[in-house]
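# Analysis of the macromolecular model
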Amino acid sequence: MPKPPFFEQMKLIPYLGKWLVITTAIAILSGTASAFLLIALEWASDTRTANHWLIFLLPVAGFAVGWIYLRFGEHVERGNNLLIDEIHDPKRIIPFRMAPFVFFGNIISILFGASVGREGTAVQMGGALADQLTHLFQFNSEDRKIILMAGISAGFASVFGTPLAGAIFGLEVLIVGSMRYDAIFPCMTAAIIADQISLLWGVHHTQYSIQVIPAITSWGLFAMVIAGVAFGLTGKAFAETTHHLTAYFKKIVAYAPLRPFIGGIAIIAATYLMGSDRYIGLGIPTIYEAFNQPVAPYDFLGKMIFTITSLGSGFKGGEVTPLFYIGATLGNALAPLLDMPFSLLAGVGFVAVFAGAANTPLASMVMAMELFGGEVGIYAAITCVVSYLFSGHSSIYSAQRSHQEKTPQP
């Protein structure tokens, strides 16, 4: 006898209840960790700005963090790529120590002047903390995959204050050209609640504003295509050069703690050769500046060099905030060439370089609308999609897999 039509819907009630409880726990852990991270990074940035001499300790700080990872954290050193691999091929619970290791490693990197971001730290903490629930409650492998995805979403959402983009990021970053829709409710609830938890801790996210969003014109749309090409090629160059430098360091320097030591010396030399500390740390003041006035046309390249050197030599942190810097300053430089407003090109560049480098166009265009308002949606969508296409098969996440080609093959 056929079951009543509403029977299938009734089965959703325990499903929703189960994942609401699990993702609330994940969100509390991730949102709290992100809040502490943001507070600590603000302290580290302010302290370094007030004490310029701290940069001279960068090689020693890098050596110390490298030694700690070599001695106690070799299994968790792969960071985001370890999380992605565990979702694809579950093998073992992410060790809890990933969270404190990357937390303090990121703070030390920023305190002494490495050019790294914060997304990698928040995502790794979110994933590691979420996976402890697997260990505690003995979830099966399929549930564990979703738990890790929810942890990634929660970490991303709470560190940037973008819950919808965070949810989509956790779904989109794993496989190019495919998303797991069975994880959409857990990722969405984890991201939204984690963002609220971080706000309850008193975190204030940096506010950027696009001052002028012009009416849609044929030239405006074409200008976004041109800009998208530049953003995609830049994201591709960033990802590939970072991977190449990382491999090169590992090839020529066998002892891991020496790599950030050497990288730290290079960063000090470059900083004083250029006579500016504009390209170290998170670079948030320069991002803000790019939305409000013309900046040096080579700022994006300077930040690329410093960030690639920092990450390639082994300093701990993320890639995304530097990519925001690179995108905003590159967009600022392109604005007069394309006869478009500075703040608009800075805003779409902010998300589009990241879209290309991470192969996450949907998360990036949603992030633009969360940060800058819905009016920027069409401009952001064009630049993010074109950037995604022109970044090719490159990605800042080497564990990211490909489901299909980005464009149909002839």
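Structural notes, computed from the coordinates. (Residues numbered from 1 in each chain as written. Predicted model: local features only at pLDDT ≥ 70, side-chain atom pairs only at ≥ 80, totals over all residues. Heavy atoms only, no water.)

What follows covers the overall build of the protein. Scanning the protein for helices and strands turns up 17 helices and 2 strands. Computed over its C-alpha atoms, the radius of gyration of the protein comes to 21 Å, within 12% of the 22 Å expected for a compact globule of 410 residues. Contacts spanning at least 24 positions in sequence make up 81% of the contacts within the protein whose residues lie at least 6 apart. For the protein, the accessible surface area stands at approximately 17100 Å², while carbon and sulfur atoms represent 68% of it. Side-chain charges of the protein comprise 22 positive and 24 negative groups, with the mean position of each set lying 9 Å from the other. (Helix = DSSP H or I, 4+ residues; strand = E, 2+ residues; numbered from the N terminus. Rg over C-alpha atoms; globule rule 2.2 N^0.38 Å. Contact = heavy atoms within 4.5 Å. Areas by Shrake-Rupley, 256 points an atom, 1.4 Å probe, with all protein chains shown as cover. Lys, Arg positive; Asp, Glu negative; His and termini not counted. Charge placed at Lys NZ, Arg CZ, Asp CG, Glu CD.)

Looking now at the pattern of salt bridges. Between side chains of opposite charge, a pair can form as their charged atoms come close. Under the defined criterion, the tally for this structure stands at 12 salt bridges. Between Arg-401 and Asp-89 there is a salt bridge; the shortest N-O distance is 2.5 Å. Here Arg-401, found in strand S2 (residues 401–402), pairs with Asp-89, found in the loop between helix H4 (80–88) and helix H5 (98–112); they are 312 residues apart in sequence, far enough to count as distant. Between Arg-278 and Asp-299 there is a salt bridge; the shortest N-O distance is 3.0 Å. Pair noted here: Arg-278 is in the loop between helix H11 (258–274) and helix H12 (284–290) and Asp-299 is in helix H13 (residues 299–313), with a separation of 21 residues, a long-range link. On the basis of relative accessible area, Asp-299 is assigned to the buried category, the value being 1%. Linked through salt bridges whose partners overlap, the residues forming this network are Glu-142, Lys-145, Arg-180 and Asp-182. (Salt bridge = Lys/Arg side-chain N within 4 Å of Asp/Glu carboxyl O. Buried < 20%, exposed > 50% of the residue type's maximum accessible area, 1.4 Å probe, protein only.)

Another point: a nonpolar patch on the surface. A contiguous nonpolar surface patch, about 580 Å² in accessible area, is contributed by Trp-67, Ile-68, Leu-70, Phe-72, Tyr-255, Leu-258 and Ile-262. Mapped by element, the contributors of at least two residues to the nonpolar patch are helix H3 (58–72) and H11. Among the elements that line the nonpolar patch, the one with the most residues is H3, at 4 residues. Assignment of secondary structure puts Phe-72 in helix H3. (Patch = residues over 30% accessible without salt bridge, like charges linked within 9 Å, V, L, I, M, F, W, Y side chains within 5 Å.)

Here the focus is the side chain of Thr-189. Among the structural elements, Thr-189 can be located in helix H9 (residues 184–200). The exposure class of Thr-189 is buried, given its relative accessible area of 12%. Only 2.9 Å separates the side chain of Thr-189 from the backbone oxygen of Phe-185, close enough to count as a polar contact. (Polar contact = N/O pair within 3.5 Å; in protein donor to acceptor, adjacent residues only side chain to side chain.)

This part is about unusual backbone geometry. We note that Gln-138 has phi near 55 degrees; this positive angle belongs to a residue other than glycine. By the secondary structure assignment, Gln-138 is in the loop between helix H6 (119–137) and helix H7 (141–160). Even without a glycine there, the phi angle at Asp-339 is positive, about 55 degrees. Tracing the backbone through its elements, the reader meets Asp-339 in the loop between helix H14 (320–338) and helix H15 (342–358). Looking at Asp-339, the relative accessible area reads 64%, which means it is exposed.

Its 17 residues give H15 an end-to-end C-alpha distance of 24 Å, which sits within 8% of 24 Å, the value for a rise of 1.5 Å per residue. The sharpest bend along H15 measures roughly 30 degrees and falls at Gly-349. Where burial is concerned, most of H15 is hidden: 16 out of the 17 residues are buried. Positive backbone phi, approximately 60 degrees, marks Asn-359, located one or two places after H15. (Expected span 1.5 Å × (residues − 1). Bend = angle between axes of the 7 residues up to and from the residue.)

The next subject is the packing of H3 against H5. At their nearest, the axes of H3 and H5 sit 9 Å apart, and the two run at 170 degrees to each other. As the angle between them shows, H3 and H5 are arranged roughly antiparallel. Considering only the axes of H3 and H5, their crossing is left-handed. Contacts from Leu-58, Ala-61, Val-65, Ile-68, Tyr-69 and Phe-72 of H3 reach H5 at Phe-101, Val-102, Gly-105, Ile-108, Ser-109 and Phe-112. Looking at the contact of H3 with H5 residue by residue, the classes come out as 10 nonpolar, 2 polar and no charged. (Axes fitted to C-alpha atoms, helices over the stretch in contact; angles between N-to-C directions. Parallel < 35°, antiparallel > 145°, perpendicular 65-115°, else oblique. Left-handed = near helix turned anticlockwise from the far one by under 90°. Nonpolar A, V, L, I, M, F, W, Y, C, P; charged D, E, K, R; others polar.)

Counted under the stated rule, the structure contains 24 aromatic pairs. Ring centres of Phe-36 and Trp-201 lie 5.0 Å apart, and the angle between their planes is 70 degrees; this geometry places the pair in the edge-to-face category. Within this pair, whereas Phe-36 is found in helix H2 (residues 12–50), its partner Trp-201 is found in the loop between H9 and helix H10 (218–252), the two being separated by 165 residues in sequence. The exposure class assigned to Trp-201 is partly exposed, which follows from its relative accessible area of 44%. Taking 6.2 Å as the distance between ring centres and 55 degrees as the angle between the ring planes, the aromatic pair formed by Phe-63 and Tyr-255 counts as tilted. Of this pair, Phe-63 sits in helix H3 while Tyr-255 sits in the loop between H10 and H11, placing them 192 residues apart in sequence. (Phe/Tyr/Trp six-rings, centres within 6.5 Å; stacked < 30°, edge-to-face > 60°.)

Counting 122 residues, the largest nonpolar core has Phe-169, Phe-231, Phe-291, Leu-345, Val-348 and Phe-350 as the members making the most contacts within it. In terms of residues, this core owes the most to one element, H15, which gives 12 residues. In this structure Phe-350 touches Tyr-208, Ile-287, Phe-291, Leu-323, Phe-324, Gly-327, Ala-328, Leu-371 and Phe-372, once residues within four positions along its chain are discounted. (Core = buried A, V, L, I, M, F, W, Y, C linked by side-chain atoms within 4.5 Å.)

A word on helix H16 (residues 361–372). Over its 12 residues, H16 extends 16 Å from the first C-alpha to the last, a length consistent with the 16 Å expected when each residue adds 1.5 Å. Listing the buried residues of H16 in full gives Pro-361, Ala-363, Ser-364, Met-365, Val-366, Met-367, Ala-368 and Phe-372. With its phi angle positive at about 105 degrees, Gly-373 sits one or two positions after the end of H16.

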